[in-house]
Amino acid sequence: MADKMATRQAYGKTLIKLGEEYPNLVVMDADLSKSTMTAEFGKTYPERFFNMGIAEQNLYGAAAGLALSGKVVCASTFAMFASGRAFEIIRNSIGYTKANVKICATHAGITVGEDGASHQTFEDIALMRTIPGMTVINPSDGVSAEKLLRQAVAMNGPCYVRLGRAAVPVFYDEKADITLGKANTVRDGNDVTVIATGIMVSEAVIAAEALAEEGVDVRVIDMHTIKPIDEEIIIKAAAETGAIVTAEEHSVIGGLGSAVSEVVVKHNPVKMAMVGQQDTYGESGKPEELKAKYGMTAEDILKAVRGVL
C-alpha cells in the first residue's frame, strides 16, 4: 500500500486512453477542469471537450442532448454540485430518458478538506441510487477507478461515478478482476464482515489487520458498485460471519449502510453497525483530521466491529 493516487487522477488519465478508443466520446466540465482532471482530455481532443462554465444544470442538460444524439458523454464537476444543484436535470433529462451520460463527480466526501462544509457532500450516493436505472459506482483506488470507468463507458445508460480529491493507497494489482456490480472480497474472515466502499476500503483493511492481532478474523468486502448492489455476497457474509459493519465516506443515511441493511433485513437479519458521517455537516480542515473528528478511520471501524461481536 505504499503507492498513493487520487481516484480523480486515475479518471483523468483513463479519459485520455478512452478518447482514442471511443471516437464518439465527449467530455464536459463546469469550470473545474483542472480539479476534475478533464483538462488534459480537452488539450488532447479539443473538438470533443466542452467547458460549460459555472452552470451545472446546463452542463447535464446539454450532456443529455449529446448522449441522445449518439455520443457517449462523461460530464464532470464536484460531487456537491452534480448531485445537489443539478439533481432535477439528472433525474428528468438523464435518468428518465436513459441517456448515455456518465456523471463523473469528483471531490466527494469529507476529504475535500479545506473547501469546507459547502463542498463536502455526504448525500450524493443516497440521491443517485434513488434514480431508477442509475448505476452508482464508488472506486476504492486508482486501479479500480480505471477498470470501473472503462466498464461504465462501455455500458449503455446513465451512471454516477464517485471520485475523490485526496490521494489514497493503491492496493489492487493491475491484473485484479474488478467487475461492475460484483463486489470484491479483499480479505477473507469468518468472525465478522466489514463491507466498505471508496476510500474506506483501505481503512477497513488496516482495521482488520489490527483485529487479527486480537484473534478476530475479519472479512473485508469492497462494495465498489452501490447500485446494482451485489446481494449474493452480502447474504453469504451475513450467513457465514453473523455480523456486518459498513464503512463509507458518506452519510449513514441512504448510502452504503442503508443499501446493505435493505438486503440483510430481507434475507438474513444480523447485527449491524454503520461507520460514516453521522447526520452532520463537516467543516474546513485537513482531510485526515476531519476523518478522525467525524468518525471515518480504521480506529472507528475497529470500534464498530468490537461493538457487534
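Residues numbered from 1 in each chain as written. Predicted model: local features only at pLDDT ≥ 70, side-chain atom pairs only at ≥ 80, totals over all residues. Heavy atoms only, no water.

A closer look at the sheet that holds strand β11 (residues 218-222)
Alright, step 1. Ordered by their spatial adjacency, 5 strands build an open sheet running β9-β11-β10-β13-β14, and the pairing between neighbours is mixed. Since the sheet does not close on itself, it has two edges, and those belong to β9 (184-187) and β14 (271-277), each with one partner. For this sheet the average axis-to-axis angle between neighbouring strands, irrespective of direction, equals 25 degrees.
Alright, step 2. Summarising the sheet, strand β10 (residues 192-196) and β11 pair through 5 bridges and their orientation is parallel. Within β11, the position partnered with Ala196 by the bridge is Asp222.
Alright, step 3. Each of β9, β10, β11 and β13 (243-251) touches helix α10 (residues 231-241); the most contacted strand, β11, lies at about 175 degrees to it.
Alright, step 4. Here helix α11 (residues 256-267) sits on the sheet and contacts β10, β13 and β14; the angle it forms with β13, its principal contact strand, is near 150 degrees. (Pairing = 2+ DSSP bridges. Helix = DSSP H or I, 4+ residues; strand = E, 2+ residues; numbered from the N terminus. Axes fitted to C-alpha atoms, helices over the stretch in contact; angles between N-to-C directions. Contact = heavy atoms within 4.5 Å.)

Structural notes on the packing of aromatic side chains
Alright, step 1. Counted by the stated rule, this structure contains 3 aromatic pairs.
Alright, step 2. Considering the side-chain rings of Phe78 and Phe81, the 6.2 Å spacing of their centres and the 10 degrees angle between planes classify their relative orientation as stacked.
Alright, step 3. Relative accessible area serves as the criterion here: at 5%, Phe78 is assigned to the buried category.
Alright, step 4. Classification of Phe81 by relative accessible area gives buried; the value is 14%.
Alright, step 5. For Arg48, the ring lying beneath its charged end belongs to Tyr45, and the centroid distance is 4.5 Å. (Phe/Tyr/Trp six-rings, centres within 6.5 Å; stacked < 30°, edge-to-face > 60°. Buried < 20%, exposed > 50% of the residue type's maximum accessible area, 1.4 Å probe, protein only. Lys NZ or Arg CZ within 6 Å of the ring centre and 35° of its normal.)

Digging into the environment of Phe78
Alright, step 1. Take Phe78: it is sitting in strand β4 (residues 72-78).
Alright, step 2. The spacing of Phe78 and Gly255 is 177 residues in sequence and 18 Å in space, taken between C-alpha atoms.
Alright, step 3. Once residues lying within four places of it in the same chain are set aside, the contact partners of Phe78 are Leu32, Ser35, Thr36, Ala105, Thr106, His107, Asp115 and His119.

Description of the sheet that holds β4
Alright, step 1. The strand order β3-β2-β4-β5-β7-β6-β12 describes an open sheet built from 7 strands, whose pairing is mixed. Unpaired on one side and paired on the other, β3 (49-51) and β12 (225-227) mark the two borders of the sheet. Sheet twist, expressed as the average angle between the axes of neighbouring strands with direction ignored, equals 20 degrees.
Alright, step 2. Bridge analysis of β4 against strand β5 (residues 101-106) gives 6 bridges, and the strand direction is parallel. Looking at β5, one finds that Cys74 is bridged to Lys102.
Alright, step 3. This element, helix α1 (residues 7-21), spans β2 (25-29), β4 and β5 of the sheet and lies at about 145 degrees to β2.

Focus: the packing of α10 against α11
Alright, step 1. Axis separation between α10 and α11 bottoms out at 10 Å; the angle between their running directions is 60 degrees. With respect to their mutual orientation, α10 and α11 come out oblique. In the crossing of α10 with α11, the sense of the turn from one axis to the other is right-handed. Counted together, Glu231, Ile234 and Ile235 of α10 and Val260, Val263, Val264, Lys266 and His267 of α11 form the full contact between these two elements.
Alright, step 2. Per-class residue counts for the contact of α10 with α11 are 5 nonpolar, 1 polar and 2 charged. (Parallel < 35°, antiparallel > 145°, perpendicular 65-115°, else oblique. Left-handed = near helix turned anticlockwise from the far one by under 90°. Nonpolar A, V, L, I, M, F, W, Y, C, P; charged D, E, K, R; others polar.)

A few points about the state of the cysteines
Alright, step 1. Under the counting rule described, the total for this entry stands at 0 disulfides.
Alright, step 2. Take Cys74: it sits in no disulfide, and the sulfur closest to it among the cysteines is that of Cys104, at 4.2 Å.
Alright, step 3. For Cys74, a relative accessible area of 0% translates into the label buried.
Alright, step 4. On the accessibility criterion, Cys104 (0% relative accessible area) is buried. (Disulfide = S-S within 2.5 Å.)

Description of the pattern of salt bridges
Alright, step 1. This structure, assessed with the given rule, holds 16 salt bridges.
Alright, step 2. Residue Glu203 pairs with Lys291 through a salt bridge whose shortest N-O separation is 2.6 Å. In this pair, Glu203 sits in helix α9 (residues 200-212) while Lys291 sits in helix α12 (residues 287-293), placing the two residues 88 residues apart along the sequence. Of the two residues, Glu203 and Lys291, both sit in the buried class. (Salt bridge = Lys/Arg side-chain N within 4 Å of Asp/Glu carboxyl O.)

Description of the pairing of β13
Alright, step 1. In terms of residue burial, β13 counts as a mostly covered element, since 9 of its 9 residues are buried.
Alright, step 2. The sheet contact formed by β13 and β14 spans 6 bridges and is parallel. Residue Val245 lies in a different strand from β14, and its bridge partner there is Ala273.
Alright, step 3. On the question of chirality, the crossover connecting β13 to the parallel β14 by way of α11 is right-handed. (Right-handed = clockwise from strand over helix to strand, strands pointing away.)

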